[in-house]
Amino acid sequence: MSLQCGIVGLPNVGKSTLFNCLSNAKAQSANFPFCTIEPNVGVITVPDERLNRLVEMCQPRSVVPATVEIVDIAGLVKGASKGEGLGNKFLANIRETDAIIHVLRCFDDDNITHVDGSIDPVRDKEIIDYELQLKDLETIEGRIARTQKQAQTGGDKVAKMQYEVLKRFKDALDQGKPARSVTLETPDEQKYARELFLLTNKPVLYVCNVDDASAANGNAYVEAVREAIKDENAQLLIVAAQTEADIAELDTFEERQEFLNEIGLKESGVSRLIRSAYALLNLQTFFTAGADEVRAWTFMRGAKAPQCAGIIHTDFEKGFIRAEVIKYDDYVNLGGEQGVKEAGKLSVEGKDYVAQDGDIMHFRFNV
């Protein structure tokens, strides 16, 4: 599954530092704008204690965790929607991603320049919002010009639906609101909205990049951002990117954990960010577990059993007969598959079963 989260933000807010913490790829990191010119892509393991527990129980010959792709995209500046700076490249790269991780600088440091000369994460957020909204408005107005006459003079119900959706998006964008603030009620409206590929309709996670002292509880900058996004359909996460980079340099788990304890954190911000990115993409995990392999499989929330079977192999979906499903808690509490069967907790599910996060599944099929 090749869904991607794009890391965006103004130059010098900590995007590449954060990306380097997230993956083994080493994006260039320097104190000047446009350091990252080509998007760097990292395939990142999703931390999951459930997988670790299954490995302990099964002692398999191989282990395959779930992954998520993160893309580090060039910094944006004012005028990007008109091609200023690397605007055209930025907008093209972000259009190809499925969700946005928007990094905001929420720390003071005289040694790291800010492209606008002062620290104001709400202003920085609004700069990028404005550029994305302008580009979306351009897209919407072009579609309206092609759809309006057909919708108003003909009997084309599809054109009328599309025109109404376009008008609602235009109204929101004209008010400075993102497209994702518009509620679409019918499946047809939602499908059409996805086909527009609007930049501000993508799910977004705001990452407040703070200093050491603010890693646990945030600061005034973070609270200002929290207030600014309260009416958006968006999430917020606090991460100290430079601190995470320092932690990553430590050799042992014990040293890293001691460092985290000293700054009041139970786990690293990177782990929290990866899981948040996974959820932002609307992804969940089912497992296959045995002596040969324990594996985490990624599926879209709401997928049914045959679709999940098809993730393993297309033949599994084509010839799907049934899914044997064990709940994770039952598997752990009852000592594995045999204990589950003896307790009568293994369920046999058909084509309409909606997979749940954490299910341990075995598929029967015939091709």
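For the structure itself, look to the data block above.
These remarks concern the structure in this document. (Residues numbered from 1 in each chain as written. Predicted model: local features only at pLDDT ≥ 70, side-chain atom pairs only at ≥ 80, totals over all residues. Heavy atoms only, no water.)

Time to look at the overall build of the protein chain. Of the regular secondary structure elements, the protein chain holds 14 helices and 12 strands. Relative to its full complement of 367 residues, the protein chain shows a buried share of 49%. When contacts within the protein chain are restricted to residue pairs at least 6 apart in sequence, long-range pairs at least 24 apart make up 69% of them. On the protein chain, roughly 18,100 Å² of surface is accessible, and the fraction owed to carbon and sulfur atoms is 46%. (Helix = DSSP H or I, 4+ residues; strand = E, 2+ residues; numbered from the N terminus. Buried < 20%, exposed > 50% of the residue type's maximum accessible area, 1.4 Å probe, protein only. Contact = heavy atoms within 4.5 Å. Areas by Shrake-Rupley, 256 points an atom, 1.4 Å probe, with all protein chains shown as cover.)

At a minimum axis separation of 9 Å, helix α8 (residues 241-248) and helix α9 (residues 253-262) run at an interaxial angle of 150°. Looking at the two axes, α8 sits roughly antiparallel to α9. Seen from above, α8 lies across α9 with right-handed handedness. In this structure, α8 uses Thr 243, Asp 246 and Ile 247 to contact α9, whose residues at the interface are Arg 256, Phe 259 and Leu 260. Residue composition of the contact of α8 with α9, by class: 3 nonpolar, 1 polar and 2 charged. (Axes fitted to C-alpha atoms, helices over the stretch in contact; angles between N-to-C directions. Parallel < 35°, antiparallel > 145°, perpendicular 65-115°, else oblique. Left-handed = near helix turned anticlockwise from the far one by under 90°. Nonpolar A, V, L, I, M, F, W, Y, C, P; charged D, E, K, R; others polar.)

Looking only at helix α6 (residues 187-196), the buried set comprises Glu 189, Tyr 192, Ala 193 and Leu 196. Looking straight down α6, one finds that the buried residues subtend no more than 105° of arc, so they occupy a single side. More than 90 degrees from the buried face of α6, the exposed residues found are Pro 187 and Arg 194. For α6, the secondary structure elements touched by its buried residues are α4 (121-153) and α5 (157-174). Positive backbone phi, approximately 55°, marks Phe 197, located one or two places after α6. (Arc of directions from axis to C-beta.)

One turn of an α-helix holds 3.6 residues; hence residues three or four places apart share an orientation. An ideal rise of 1.5 Å per residue puts 26 Å on 18 residues; α5 measures up with 26 Å between its terminal C-alpha atoms. Listed in full, the buried residues belonging to α5 are Ala 159, Met 161, Gln 162, Tyr 163, Val 165, Leu 166, Phe 169, Ala 172 and Leu 173. Among the structural elements, α4 and α6 are those in contact with the buried residues of α5. Positioned one or two residues after α5, Gly 176 has a phi angle of 80°, which is positive. (Expected span 1.5 Å × (residues − 1).)

Another aspect to go through is unusual backbone geometry. Here Asn 12, not a glycine, exhibits a phi torsion of approximately 65°, which is positive. As for its position among the elements, Asn 12 is in the loop between β1 (4-8) and α1 (15-22). A positive phi is found at Phe 197, a non-glycine position, where the angle reads about 55°. Here Phe 197 is to be found in the loop between α6 and β6 (204-209).

Our focus in this paragraph is the pattern of salt bridges. Counted by the stated rule, this structure contains 18 salt bridges. Close ionic contact of Glu 164 with Lys 167 constitutes a salt bridge, the shortest N to O distance being 3.7 Å. With a gap of 3 residues between them, Glu 164 and Lys 167 both fall in helix α5, about one helical turn apart. When its relative accessible area of 33% is taken as the criterion, Lys 167 is described as partly exposed. If you follow the salt bridges from partner to partner, you end up with Asp 48, Arg 50 and Asp 357 in one network. (Salt bridge = Lys/Arg side-chain N within 4 Å of Asp/Glu carboxyl O.)

Inspection of the secondary structure puts Asp 174 in helix α5. With 37 residues separating them along the chain, Asp 174 and Leu 137 place their C-alpha atoms 7.9 Å apart.

Okay, the pairing of strand β9 (residues 293-300) next. Looking at chain direction, strand β3 (residues 62-64) and β9 are connected through 3 bridges and run parallel. Bridge pairing links Val 63 to Val 294 in β9. Where strand β8 (residues 283-289) meets β9, 7 bridges bridge the pair, whose relative direction is antiparallel. Within β9, the residue paired with Ala 289 across the bridge is Val 294. Between β8 and β9, which follow one another and run antiparallel, lie 3 residues. (Pairing = 2+ DSSP bridges.)

Here we take up a negative patch on the surface. Residues Asp 108, Asp 110, Asp 211, Asp 212, Asp 246, Glu 249, Asp 251, Glu 254, Glu 255, Glu 258 and Glu 262 make up a contiguous surface patch of negative charge. With 4 residues, α9 is the single largest residue contributor to the negative patch. Here Glu 262 shows up in helix α9. What makes Glu 262 exposed here is its relative accessible area of 61%. (Patch = residues over 30% accessible without salt bridge, like charges linked within 9 Å, V, L, I, M, F, W, Y side chains within 5 Å. Lys, Arg positive; Asp, Glu negative; His and termini not counted. Charge placed at Lys NZ, Arg CZ, Asp CG, Glu CD.)

In this section: the nonpolar core. Leu 22, Ile 70 and Ile 101 are the most contacted members of the largest nonpolar core, which has 69 residues in total. Residue contributions to this core peak at 6 residues, all from helix α10 (residues 269-280). What Ile 70 contacts, discounting residues up to four positions off in sequence, is Cys 5, Ile 7, Phe 19, Leu 22, Asn 40, Val 41, Gly 42, Ile 44, Ile 101 and Ala 277. (Core = buried A, V, L, I, M, F, W, Y, C linked by side-chain atoms within 4.5 Å.)

What follows is about the pairing of β6. The side chains of a regular strand alternate, first on one face of the sheet and then on the other. Counted residue by residue, β6 has 6 buried out of 6 residues, so it is predominantly covered. Burial of β6 is two-sided: the residues Val 204, Tyr 206 and Cys 208 facing one way and the residues Leu 205, Val 207 and Asn 209 facing the other way are all buried. Bridge count between strand β5 (residues 99-105) and β6: 6 bridges; the pairing is parallel. What sits directly across from Arg 105, in β6, is Asn 209.

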